[in-house]
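Structural overview for review
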Amino acid sequence: MSTAIVACGAIATHISNIASRENFDITIYPLPPLLHNHPEKIASEVDAKIAEIKETYEKIAVAYADCGSYGALDKVLEKYNIARLGGNHCYDVFAGQSRVNELTSTGTYIFTDYLVKSFHRSVVVELGLDRHPELIDDYFKNYQKVTWLAQHPTEELKVAAQAAADLMKLPLEIEVVGESGLLDELKRLLNHI
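We now turn to the structure provided with this report. (Residues numbered from 1 in each chain as written. Predicted model: local features only at pLDDT ≥ 70, side-chain atom pairs only at ≥ 80, totals over all residues. Heavy atoms only, no water.)

1. Here's the deal with the overall build of the protein
Selection rule: Here a strand is any run of E in DSSP of at least two residues, a helix any run of H or I of at least four, and the numbering for each starts at the N terminus. The size measure is the radius of gyration over C-alpha atoms, and the globule rule it meets is 2.2 Å times the number of residues to the 0.38 power. In this scheme, a residue with accessible area under 20% of its type's maximum is buried, one over 50% is exposed, and one in between is partly exposed, where area comes from a 1.4 Å probe on protein chains only. Here the Shrake-Rupley method, with its probe set to 1.4 Å, supplies the accessible areas, and only the displayed protein chains count as covering residues. Charged residues are defined narrowly, with Lys and Arg counted positive, Asp and Glu counted negative, and His plus the chain ends left uncounted. Where a charge sits is defined by one atom per residue type, namely NZ (Lys), CZ (Arg), CG (Asp) or CD (Glu).
Along the backbone of the protein there are nine helices and six strands. Taking 16 Å as the expected radius of gyration for a compact globule of 193 residues, we find that the protein reaches 17 Å, a close match to that expectation. C-alpha atoms of the protein, sized along the principal axes, occupy 50 × 30 × 25 Å. Expressed as a percentage of its 193 residues, the buried residues of the protein come to 46%. In the structure as shown, the protein presents an accessible area of about 9,700 Å², 50% of it carried by carbon and sulfur atoms. Charge separation in the protein, taken as the distance between the mean sites of 18 positive and 27 negative side-chain charges, equals 2 Å.

2. Focus: helix α6 (residues 113-125)
Under the convention used in this document: A helix is expected to span 1.5 Å multiplied by its residue count minus one. Throughout, the bend at a residue refers to the angle made by two axes, fitted to the seven residues ending there and to the seven starting there. Throughout, a residue-residue contact means that at least one pair of heavy atoms, one from each residue, lies within 4.5 Å.
Its 13 residues place the ends of α6 18 Å apart at the C-alpha level, agreeing with the 18 Å of an ideal helix rising 1.5 Å per residue. Along α6, the helix axis deviates most sharply at Phe119, where the bend reaches about 75°. Its buried side turned inward, α6 meets α1 (12-22), α4 (90-95), β4 (108-111), α7 (136-140), β5 (145-150) and α8 (155-168).

3. Points about the nonpolar core
Put simply, the test is: The set of buried Ala, Val, Leu, Ile, Met, Phe, Trp, Tyr and Cys residues whose side-chain atoms join them within 4.5 Å is what this entry labels a nonpolar core.
Grouped together as the largest cluster of nonpolar side chains are 44 residues, with contacts concentrated most on Ile11, Val46, Tyr64 and Leu182. One finds Val124, Val146, Ala164 and Met168 within the second-largest nonpolar core, a separate group that totals 20 residues.

4. Observations regarding the pairing of strand β3 (residues 59-63)
This is how it is decided: Pairing between strands is defined by DSSP: at least two bridges between them are needed.
By the criterion of burial, β3 is predominantly enclosed, with four of the five residues buried. One ladder, built from five bridges, connects strand β1 (residues 3-8) with β3; its direction is parallel. By the bridge assignment, Ala7 is partnered in β3 with Ala63.

5. Re the packing of aromatic side chains
Using the following cut-off: By convention, a stacked pair of Phe, Tyr or Trp rings (six-membered ring in the case of Trp) has centres within 6.5 Å and planes under 30 degrees apart, an edge-to-face pair has planes over 60 apart, and any other such pair is tilted.
Under the definition given, this model contains seven aromatic pairs. On the numbers, 5.1 Å between centres and 80° between planes, the contact of Tyr109 with Tyr143 is edge-to-face. Taken together, the residues Tyr109 in strand β4 and Tyr143 in the loop between α7 and β5 connect sequence positions 34 residues apart. Its relative accessible area of 15% is what places Tyr109 among the buried residues. You can call Tyr143 partly exposed: its relative accessible area is 30%. With a centroid separation of 5.6 Å and an interplanar angle of 65°, the aromatic rings of Phe111 and Phe119 are classed as edge-to-face.

Here it is, written out as structure tokens:
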């Protein structure tokens with residue numbers, strides 16, 4: 001049976017790694033990770049990709065949480081009777097919703113491996129902080145710390161995470177969460193379809 005996963009580009013590599021380890025027979029269609037900077041576009045991009053591939057695959061699932069679409073993604077998926085990852089965002093998938101709620105309620109800015117790797121492009125450039133560094137304090141003044149929910153922490157990523165936290169003028173904490181939450185969600189999706 002042919003199965004497609006329309007995936008957020010920020011977690012597509014993790015999905016590919018898991019699929020290789022677990023021998024999942026899937027084809028991954030990653031969408032641009034910078035859609036997270038424009039969550040109002042996620043539902044329409046997912047809709048367009050599903051419409052493009054639906055005749056090619058017997059089964060399709062979506063590897064996005066709600067991701068700031070405020071239910072718009074779920075409306076698209078209802079139209080196709082397709083399931084998605086649980087939770088409000090990928091942080092929930094990696095660390096669990098209760099842990100993420102705890103972090104965000106205490107003024108925590110959250111990193112994943114992807115955000116550590118892409119911080120300059122995804123945050124600094126997208127927010128214009130490379131051109132207007134005087135805005136750094138304005139953007140991050142309401143945060144108390146940064147927590148990196150690390151999937152595969154390396155020394156190189158630790159250095160990058162610390163540099164990003166330093167730019168934000170916030171202390172960094174590292175919680176190694178791995179990929180087990182994403183694996184569980186992928187298994188649930190694959191069993192659902």
